[in-house]
Amino acid sequence: MRFISTRGSETATGAEAVVRGMAADGGLFVPERFPSVTEEELGQMLGMDYPERAALILGKYFEEYPAEELLGALRAAYGTFDGDDPAPLVKIEDGLFLLELFHGPTCAFKDMALTVLPYLLRKGCDLLGIKEEILVLTATSGDTGKAALEGFMDAKGVKVAVFYPEEGVSKMQKLQMCTQDGENVSVVAVKGNFDDCQSAVKKIFRSEECREKLKEKGILLSSANSINFGRLAPQIAYYFSAYCDLVTSGQIAMGAKVDFSVPTGNFGNILAAYYAKRMGLPVGTLICASNHNNALTDFFNKGIYDRKRSFYRTMSPSMDILISSNLERLLFELSGRDAALTAERMKSLSSAGKYTIRPEELKQLAETFYAGFASEEDTVECVYEFFEDFNYPLDTHTGVAMHVARGYARKRAEDVNAESRPMVVVATASPYKFPQAVYYALTGNDVKDSFKGIKRIHLITAMKVPESLKALRYKPLRFKTVVSPDKIFDEVMNFVG
Ligand SMILES: *Cc1c(COP(=O)(O)O)cnc(C)c1O
C-alpha cells in the first residue's frame, strides 16, 4: 500500500509514513485507497482472537511487514494488557454496549495503538535501512504522552520527548508521566493549553532548520501523535473486533449495521471508525461526542470550523482541544481527495482561524456522522445516572460519549422509519484514571487527593483498581521542567545532547 499526503503530491510506503510521522508538505499521510475487508474475510475474523483480527487489518496497510512477525508483535503488545481480551465488548442492556479500551498499561485507549507503534517504527527503520536514532516527539493532552513513554521505554535506537500543557492534564496523568522510568525519556510541561503545545510541536516537524539541526546529531524525527498513521491503523482493528463480537454473541446478524459513539478530541479514534466503515464494516452512524470544547459539534452541524473560541478546562481533559488534527484526513476524503483544497482550508484555519465547507459536503457528512456535546453538568448527570441504572462507573470521557449517544437515540426514536440499531459506546479510560472527577460525578463531593479518590470509588463500585495506578503513589517525581511554547525546541536539543 502506498500513502499520499493530504496536502500535496508527496508519497510514501507504510514504513516511511510511520517513520516520518507526517508529510514534509505539512499534510498527513493517508492510504492511496481504502483496502477492503470482504464479507468472507469478516466471516473468517469471527473465529479469530484479537491479535489475529488486528493482524488482518494492519496487514492490509503494511504489506511490506512480514505477516508472522506482525502477528507476533501484536500478541506481545496486547499481552501486556490486563485480561485475555484487550478490547472486551460489555453488554449493558439490549442494544447498548460498551467497548472497553482501557485495559492497557496506562489505562486509556491510547495503549491500543501505542503498544504496537514501537514495533511498526522499529521494523519500519529496518525495512528502510535507517541507521539514525529516532526521536519520537509528542504533544499530549495527557494520555498519549504516558502511553508513548510506556510503549517506547528503553527501546533501542529511540528517544521519546513528551510535552504536555502545564495546567491541562489531570493530577493522575501528570503523575503517570512525571514518574516515568527509562533512560531514553524526557517529559516537559509547557505553559498554555494543549493547542499551544501541539502547534509548537507541529512547527518543529515542519521546520527544515530544526530537522537539519537534529540530523547533524544523527537524529530523525517521528511522532507518536495520532497524525502518525501508525497510531491510526491499530485503532481501526477494534471496530472490526467489536463488530465480530456482536455477531458471535448472537446480538446481530452478519451484515446488520451498528452505530458507534466516540468521545472525541483530536479526531483520531473516530476517524479510525470512519476508516473501518470505508473498508467495508457495516457501520450506521458515527457519533462524534465533544465536551464543552465543541468546535467539532459546530463543524458537523454548520459546516464551519472555527477555532477562535474560548478554551475550557473540563473534567474530560483529554478532549480539551480546539484544533482536531485528524479532521484533515476526513476533509481530504470529503473534498473528493482534493489536496489543493485541503491545503487551502488548513491554511485558512491557521491564518484566519476558520474555514467553511460546501453545502453538499455538509450533507454528505450528515449521512455518516451525528455530532453533539455534553456540558460539565450533562457529564456529571450521565455518569451518576449510569451508575445508578447499571452499576457501572463510566469515566468522564466515556460519560460524554454516553450522553451524546442518548441524545442521538432520542432523535432516532422520533423517526418512525428508522430501524433500531445496536449502539456501541467507546469507553476510552478507566474511571480510576480521573478519580477526582469521577468521584465528584458519583457522589457530588470533592476529594482532594487522587489516591483517596481511587479508594473511595472502589468502595462504592467494587470495580478492580489497576495496579499501575496504585503503584504511582510511591514513585519519585523525575521530571519537573516547565517551559514556554517557544522554548520547546531548545528543550529537545538539550535532551538529545
Ligand atoms: C485521547 C483521548 C480521547 C480523544 O481521542 P481522540 O483520538 O483524540 O479523538 C478521549 N478519551 C480519552 C480518555 C483519551 O485519552
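Quick caveat: nothing in here was measured; it's all calculated off a predicted structure. (Residues numbered from 1 in each chain as written. Predicted model: local features only at pLDDT ≥ 70, side-chain atom pairs only at ≥ 80, totals over all residues. Heavy atoms only, no water.)

1. Details of a negative patch on the surface
Here's step 1: Taken together, the side chains of Glu 93, Glu 381, Glu 385, Glu 388 and Asp 389 define an acidic patch exposed on the protein surface.
Here's step 2: With 4 residues, the top contributor of residues to the negative patch is helix H17 (residues 376-390).
Here's step 3: In this structure, Glu 388 sits in helix H17.
Here's step 4: Using a relative accessible area of 53% as the deciding quantity, one classes Glu 388 as exposed. (Patch = residues over 30% accessible without salt bridge, like charges linked within 9 Å, V, L, I, M, F, W, Y side chains within 5 Å. Areas by Shrake-Rupley, 256 points an atom, 1.4 Å probe, with all protein chains shown as cover. Salt bridge = Lys/Arg side-chain N within 4 Å of Asp/Glu carboxyl O. Lys, Arg positive; Asp, Glu negative; His and termini not counted. Charge placed at Lys NZ, Arg CZ, Asp CG, Glu CD. Helix = DSSP H or I, 4+ residues; strand = E, 2+ residues; numbered from the N terminus. Buried < 20%, exposed > 50% of the residue type's maximum accessible area, 1.4 Å probe, protein only.)

2. Here we look at the pattern of salt bridges
Here's step 1: Enumeration over the complete set of coordinates arrives at 26 salt bridges.
Here's step 2: In this structure, a network of salt bridges that share partners links the residues Asp 259, Arg 412, Glu 419 and Arg 421.

3. Here we look at the site of the ligand
Here's step 1: If you check the shell around the ligand, you find 15 residues, and the closest are Lys 110, Asp 143, Gly 265, Asn 266 and Asn 269.
Here's step 2: Lys 110 places a side-chain nitrogen or oxygen 2.6 Å from an oxygen atom of the ligand.
Here's step 3: Contact distances for the ligand include 2.9 Å between an oxygen atom and a backbone N or O atom of Asn 269.
Here's step 4: Along the lines of polarity and charge, the residues of the shell around the ligand split into 5 nonpolar, 8 polar and 2 charged. (Near = heavy atom within 4 Å. Polar contact = N/O pair within 3.5 Å; in protein donor to acceptor, adjacent residues only side chain to side chain. Nonpolar A, V, L, I, M, F, W, Y, C, P; charged D, E, K, R; others polar.)

4. Overview of the sheet that holds strand E1 (residues 2-5)
Here's step 1: Pairing within the open sheet is antiparallel, and its 3 strands lie in the order E2-E1-E3. Looking at strand neighbours, the two that pair on one side only are strand E2 (11-13) and strand E3 (29-31), the edges of this open sheet. On average, each strand axis in the sheet is inclined to that of its neighbour by 40°, with strand direction left out of account.
Here's step 2: In the sheet, E1 pairs with E3 via 3 bridges, with the strands oriented antiparallel. The partner of Ser 5 across the bridge, within E3, is Phe 29. (Pairing = 2+ DSSP bridges. Axes fitted to C-alpha atoms, helices over the stretch in contact; angles between N-to-C directions.)

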